[in-house]
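# Geometric and topological summary
Here is what each chain is made of, one letter per residue.
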Amino acid sequence: MKKVLIIGAGIVGASAAYHLSTQYAEVVLIDRQEPGQATKAAAGIICPWASQRRNKAWYALASAGAAYYPEFIRSLEEQGEVETGYKKVGALAIHTDVNRLEKKVELLNKRKEHAPEIGEVELLDTEQAASYFPVLSDEYAAVRISGAAKVEGDQLLSALERVAVKRGVQYIKGSAIPYIKEGKVCGVMVDGQIIEGDQIIIAAGAWASEFTESFGKKLQVIGQKAQILHLQSNHEASGEWPVIMPPSTQYLVPFQDGRFVAGATHEDTDDYDIQPTAGGILEVLSNTLPIAPVLSEAVLAEVRVGIRPHTPNFMPVIGQLPDYPQVWIANGLGSSGLTVGPLLGKLLSQLVLGQETGWDLEHYSINQIIVDEH
């Protein structure tokens, strides 16, 4: 039986542990409870099909990640986990320019040929858009995408961890450093305890390079600070409303009992500081309140801050670390972490056990982010 150590219990690491827990493998999941972990701060929109990004490799992975969600959530529910934070509520891609929305309809209908999970695509005028999202400004028309969903990162992580531990995964809270013997990474040390393993998965997000630099492999992964606001209103039916995708990179996600999540900033950071800032809050509110003016009366209930991991070309990477074939890395998901993470964890579980993934992973090669320091 292979023993697999997983460093980092964000969405990728937790998904890998969850998928490995059904296999003939001994699994140890190690996490140091980094307060800036991206997954726990995030509220995700599962709707990659409306993206204007031209990178086909990114889109292929993101759309496959979205397509995998229903099966993934169903498997959790079969294990008794009904509070996964996931709900298919649809999305409204909004704009004041109807011509741009018409072009988005064309793009979505074209993509729907290969992604039927997109569901219904419908152009809405301002009045129709407001019927789906009652607090929407009357300046916005929309494209409704019925197959879109929302997910709360912290709830999904908790569900994955509960099932994985129930199935025998050992979950250790602590900081892991490499245990190297005769030039080979044989395991990790956590609080002075040596834990050996046959395969090691590094799913430590923006902090992954801390682990690899000690044996001469620096990863080109930068941290990007995301500030996300939780607004509390008196709109009790909001849990059924669709997510809002504005023309900008920000979003507005309604949850039950009048709670709205608005975000997020995209701030490059060297020190990984997770303190909310006045400027970050102002930026999010300046984008949110013109979309839903009545939320100016909402209570600012919480500000969450996460550090997203980005690669230089903003592409996810997955594969074996050069010169260390027992070490596997997945990273660089950025703001698409909750969309792609569950699928990437599944792919990692297959790779470490030598199983076929059905994917050509050349476009996601780990070599893109390696800086060899030897």
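Report follows, based on the coordinates. As the structure is a computational prediction, the values presented were derived from the model and not from experiment.

Here we come to the overall build of the chain. When you go through the chain residue by residue, the secondary structure sums to nine helices and 23 strands. Its C-alpha atoms give the chain a radius of gyration of 21 Å, near enough to 21 Å, the size a compact globule of 374 residues would have. The C-alpha extent of the chain, read off along each of the three principal axes, is 70 × 45 × 40 Å. Taking all 374 residues of the chain together, 58% fall into the buried category. Put simply, 73% of the contacts in the chain that link residues at least 6 apart link residues at least 24 apart. Accessible surface, the chain: about 16100 Å² in total, of which carbon and sulfur atoms supply 48%. In the chain, 31 side chains carry a positive charge and 45 a negative one; their mean positions are 4 Å apart.

Structural remark: α-helix, 3.6 residues per turn; residues separated by three or four positions point the same way. Taken residue by residue, helix α8 (residues 278-288) has Gly280, Ile281, Val284 and Thr288 as its buried positions. The buried residues of α8 occupy an angular sector of 100 degrees when the element is viewed end-on, so they sit on one face. Turned more than 90 degrees from where α8 packs its buried face, Ala278 and Leu282 sit exposed. Packing partners of the buried residues in α8 comprise β15 (222-232), β17 (251-254), β18 (259-263) and β20 (299-310).

In this section: the packing of helix α3 (residues 56-78) against helix α6 (residues 153-166). In the contact formed by α3 and α6, the axes pass within 10 Å of each other and the chain directions differ by 55 degrees. With respect to their mutual orientation, α3 and α6 come out oblique. Crossing hand, α3 versus α6: left-handed. Note on element contacts: α6 touches α3 through Leu156, Ala159, Leu160 and Val163, opposite Tyr69, Phe72, Ile73 and Leu76. Split into classes, the residues belonging to the contact of α3 with α6 amount to eight nonpolar, no polar and no charged.

Quick look at the pattern of salt bridges now. On inspection of all chains with the given rule, the structure shows 14 salt bridges. With its nearest N and O atoms 2.5 Å apart, the salt bridge here joins Arg144 to Glu120. Of this pair, Arg144 sits in strand β7 (residues 141-145) while Glu120 sits in the loop between α4 (98-112) and β6 (121-124), and the two are 24 residues apart along the sequence. A single network of salt bridges, built from pairs that share partners, joins Arg32, Glu34 and Glu210.

Scoring rules and cut-offs
Residues numbered from 1 in each chain as written. Predicted model: local features only at pLDDT ≥ 70, side-chain atom pairs only at ≥ 80, totals over all residues. Heavy atoms only, no water. Helix = DSSP H or I, 4+ residues; strand = E, 2+ residues; numbered from the N terminus. Rg over C-alpha atoms; globule rule 2.2 N^0.38 Å. Buried < 20%, exposed > 50% of the residue type's maximum accessible area, 1.4 Å probe, protein only. Contact = heavy atoms within 4.5 Å. Areas by Shrake-Rupley, 256 points an atom, 1.4 Å probe, with all protein chains shown as cover. Lys, Arg positive; Asp, Glu negative; His and termini not counted. Charge placed at Lys NZ, Arg CZ, Asp CG, Glu CD. Arc of directions from axis to C-beta. Axes fitted to C-alpha atoms, helices over the stretch in contact; angles between N-to-C directions. Parallel < 35°, antiparallel > 145°, perpendicular 65-115°, else oblique. Left-handed = near helix turned anticlockwise from the far one by under 90°. Nonpolar A, V, L, I, M, F, W, Y, C, P; charged D, E, K, R; others polar. Salt bridge = Lys/Arg side-chain N within 4 Å of Asp/Glu carboxyl O.

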